[in-house]
Amino acid sequence: MLYAMNRIDAITKIEASLKSCEPQVIAPKGRSYEEYVKQLSEQLLESVIDPVLVEVTSTIIEGGDFESYKPATVWGIARIGINWLITIEGEPEFALAFGVDPLDLKMHGCSSSDVLAEWCS
């Protein structure tokens, strides 16, 4: 039986990442790092969707983490327009992908456990 990720699971996974590592983002000039991270975190949580099974079919960066995502069970957990935050089921990994069809997403290339850095890449 396939595990069905839900919105609460997605939020919990995102919040665990936000608490476990210092996001690797650079605050714009004139903004504090803490304020900027708080704003980005709020925007990400507002973008959480009911998780959707997705398929990563290609990548922009050869040699990135595409090979880990291609055969895995991957969920789209946040979305703005054609940009998707994706995650491998059962792994603390996140990546940014884009596309209209959730069964034909192109991955930016790299992934990490830093959800905010991936969302903002």
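For the structure, check the block above.
Now for a quick tour of the structure.

Parameters and conventions
Residues numbered from 1 in each chain as written. Predicted model: local features only at pLDDT ≥ 70, side-chain atom pairs only at ≥ 80, totals over all residues. Heavy atoms only, no water. Pairing = 2+ DSSP bridges. Helix = DSSP H or I, 4+ residues; strand = E, 2+ residues; numbered from the N terminus. Contact = heavy atoms within 4.5 Å. Expected span 1.5 Å × (residues − 1). Buried < 20%, exposed > 50% of the residue type's maximum accessible area, 1.4 Å probe, protein only. Arc of directions from axis to C-beta.

1. A word on the pairing of strand β6 (residues 105-112)
For step 1, the next point in the chain: For strand β2 (residues 56-59) and β6, the ladder comprises three bridges, and the chain directions are parallel. In the sheet register, V56 faces β6, and the bridge partner there is L105.
For step 2, the next point in the chain: Relative to β6, strand β5 (residues 94-98) runs antiparallel, the two sharing four bridges. Paired with A97 across the bridge in β6 is M107.

2. Digging into the environment of F66
For step 1, the next point in the chain: Along the chain, the position of F66 falls in helix α3 (residues 66-69).
For step 2, the next point in the chain: Dropping the residues within four chain positions of it, F66 is found in contact with V56, T57, S58, T59, M107 and G109.

3. Considering helix α1 (residues 7-20)
For step 1, the next point in the chain: Taking 1.5 Å per residue, 14 residues should reach 20 Å; α1 reaches 20 Å between its end C-alpha atoms and fits that length.
For step 2, the next point in the chain: Those residues of α1 lying buried are A10, K13, I14 and S17. Burial along α1 is one-sided: seen end-on, the buried residues are contained in an arc of 95°. Opposite its buried face, α1 presents the exposed residues I8, K19 and S20, each directed more than 90 degrees away.

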